[in-house]
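Take a look at the letters that make up each chain.
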Amino acid sequence: MRAAYYDRQGPAEEVLCVAELPLPQPGPGEVRIRVHVSGLNPTDLKARTGFSSLMVFPRIVPHQDGAGVIDAVGDLEEAGRIGQRVWIYEAQCGRANGTAAEFVVVPSGQAVPLPEGVSFEVGASLGIPALTAHRCLFADGDIRGLKVLVQGGAGVVGTAAILLAKWAGAWVAATVMNPAQAIIARAAGADLVLDRLSDDVAEAISAHTQGEGVDRIVDVDVRKNLEIDLASLAPGGVISSYATTDAGDELSLPLLRAMIHGCVLRFVYIYSVPKDAKNEAIKDISACLVSGCYKPHFGLKTKLENIADAHRALETGAVMGKVLINV
Ligand SMILES: NC(=O)c1ccc[n+]([C@@H]2O[C@H](COP(=O)([O-])OP(=O)(O)OC[C@H]3O[C@@H](n4cnc5c(N)ncnc54)[C@H](OP(=O)(O)O)[C@@H]3O)[C@@H](O)[C@H]2O)c1
């Protein structure tokens, strides 16, 4: 099969190769998928550079997310799944081979049926962004009728959070950093879009919530945004933080203010989200897909041969929106 891979960690253009590799065979409990689209995430960059961990396999076929069609199964009872369209998550988690290849083998449960009419491109955009956004939004209960603030609403996870929160029946405000990002957040369905750099976010939130504040905040940079978060959050509300930045990951907290506020500070890391929570998320994501509400913003679609360029584009911030590779 045609596949992208690296044998050592380092810069994309130095370590990523595309060549023929042996076709993987599914074992018990596994299915093989003919990959149509591979989804790239920051975690794939961090694995390739060595930021997150050293290489535990001599050769890595990158990318956790993707979508395609099941073409072989490890268990006879699963034979009925052959031909099923699926989206894939955590393909390369604890495994050497991810979705940047014509075929990938994953545990059967990590190949989730893709509802009819939903494209492989949307399918390959789900995985990490949708599961992370879901955990941030729903870990503390249903959000129907609640008010949500998404800090970083034009980001890939931020957009997923807006889409899922709107599907779930919440009122959603989002912050962005420039007018182009505002268009993306609005297209995702945000009821109120604020510029994080020029608007008084807390004041605007207060004005739109009759002074109550929001119940949930999904935050891309809680270190920078904590002040705004505490000023925008309703008493007892939840701030879900899912990202660190290069500036460091130590968080300083005004303890007394946080206690008086009664807020919950939740941290989300997709690989440690409990299996049950992921299964609940998959149910909700499937329902959201069926409703036709899940429309991510695509930033770049390219070919497998251009995988190094795709990695560079995401790494340098040259692209806004989901980066996809048509396999
Ligand atoms: N914990 C987890 O399990 C998990 C899961 C998925 C992703 N992540 C991490 O989350 C981060 C974002 O991922 P992504 O794929 O969504 O990236 P992305 O598409 O680049 O989105 C980040 C967005 O946040 C904006 N932003 C940056 N600082 C902000 C601030 N202080 N307030 C409001 N908005 C701000 C960015 O704007 P500019 O481009 O203008 O800076 C950008 O629009 C990455 O570091 C990734 O590794 C973690």
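Cut-offs applied
Sequence order as written defines residue numbering, which begins from 1 separately in each chain. This being a predicted model, a pLDDT of at least 70 is required before a residue's local features are given, and a value of 80 or more before pairs of side-chain atoms are given or counted; all residues contribute to the totals for chains, interfaces and linings. The secondary structure listing takes helices from DSSP runs of H or I that are at least 4 residues long and strands from runs of E that are at least 2 residues long, numbered from the N terminus. Values of the radius of gyration come from C-alpha atoms, whereas the globule rule sets the reference at 2.2 Å times the count of residues to the power 0.38. Here the C-beta atoms are placed from the backbone, and a residue counts as buried if at least 20 other C-beta atoms lie within 10 Å of its own, exposed if 12 or fewer do, and partly exposed otherwise. We call two residues in contact if the C-beta atoms placed from their backbones are at most 7 Å apart. Domain limits in this description derive from either an automatic procedure or a database domain assignment. By convention here, the C-beta atom is placed from the backbone, and a residue is near a molecule or strand when that atom is within 6 Å of it. Gly is placed with the polar residues, together with every amino acid not listed as nonpolar (Ala, Val, Leu, Ile, Met, Phe, Trp, Tyr, Cys and Pro) or charged (Asp, Glu, Lys and Arg). Any two strands with at least two DSSP-identified bridges between them are counted as paired. Angles shown run from 0 to 180 degrees and are taken between the N-to-C directions of axes, each axis being a line fitted to C-alpha atoms and, for helices, limited to the stretch in contact. Residue count minus one, scaled by 1.5 Å, sets the expected span of a helix. By definition in this entry, angles of less than 35 degrees are roughly parallel, angles greater than 145 are roughly antiparallel, angles of 65 to 115 are roughly perpendicular, and the rest are oblique.

**A look at the overall build of the protein**
For the protein, the helix and strand inventory stands at 11 helices and 15 strands. Over its C-alpha atoms the protein spans a radius of gyration of 20 Å, differing by no more than 12% from the 20 Å that the globule rule assigns to 327 residues. A principal-axis box enclosing the C-alpha atoms of the protein has dimensions of 60 × 40 × 35 Å. Burial statistics for the protein: of 327 residues in total, 46% are counted as buried. Here the analysis covers contacts within the protein between residues at least 6 apart in sequence; of these, 68% occur between residues at least 24 apart.

**What about the domain arrangement of the protein?**
Segmentation of the protein into domains returns domain 1 (2–125 + 296–326) and domain 2 (131–271). Once you take the C-alpha centre of each, domain 1 and domain 2 turn out to be 29 Å apart.

**So, the site of the ligand**
In the vicinity of the ligand, 26 residues are found, and the nearest of them are Pro 42, Gly 152, Gly 155, Ala 243 and Ile 270. In terms of residues, the shell around the ligand owes the most to one element, helix α5 (residues 156–167), which gives three residues. Grouping the constituent residues of the shell around the ligand by class yields 12 nonpolar, 11 polar and three charged. Residue assignment places the shell around the ligand across two domains, with domain 1 (2–125 + 296–326) and domain 2 (131–271) each supplying three or more.

**Quick notes on the sheet that holds strand β13 (residues 264–267)**
Within the open sheet, the six strands sit side by side as β10-β9-β8-β11-β12-β13. Their pairing is parallel. Every other strand in the sheet has two partners, leaving β10 (192–195) and β13 as the edge strands with one partner each. With strand direction ignored, the average angle separating the axes of adjacent strands in the sheet is 20°. In this structure, strand β8 (residues 147–151) lies alongside strand β9 (residues 171–176), joined through five bridges in parallel fashion. By the bridge assignment for β9, Lys 147 is matched with Trp 171. Where helix α4 (residues 127–138) meets the sheet, it contacts β8, β11 (214–219) and β12 (233–241), and its direction lies at approximately 150° from that of β11. Seen against the sheet, helix α6 (residues 179–188) touches β9 and β10 and runs at an angle of roughly 165° to β9.

**What about α5?**
Helix length check: α5 (12 residues) gives 17 Å between terminal C-alpha atoms against 16 Å at 1.5 Å per residue, within 8%. Taken across its 12 residues, α5 has 10 buried, putting it largely inside the fold. Within α5 the residues assigned to the buried category are Val 156, Val 157, Gly 158, Thr 159, Ala 160, Ala 161, Ile 162, Leu 163, Leu 164 and Ala 165. One or two positions beyond α5, positive phi appears at Gly 169, with a value near 95°.

**Brief notes about the environment of Glu 203**
Within the element layout of this structure, Glu 203 appears in helix α7 (residues 201–208). Remark: the alpha-carbon pair of Glu 203 and Gly 237, spanning 34 residues in sequence, is separated by 17 Å.

**What to know about the packing of α5 against α6**
At a closest axis distance of 8 Å, the pairing of α5 and α6 adopts a crossing angle of 30°. The angle between the axes of α5 and α6 places the two elements in the roughly parallel class. Between α5 and α6, the residues in contact are Thr 159, Ile 162 and Leu 163 and Ile 184, Ala 185 and Ala 188, respectively. Residues belonging to the contact of α5 with α6 are distributed by class as follows: five nonpolar, one polar and no charged.

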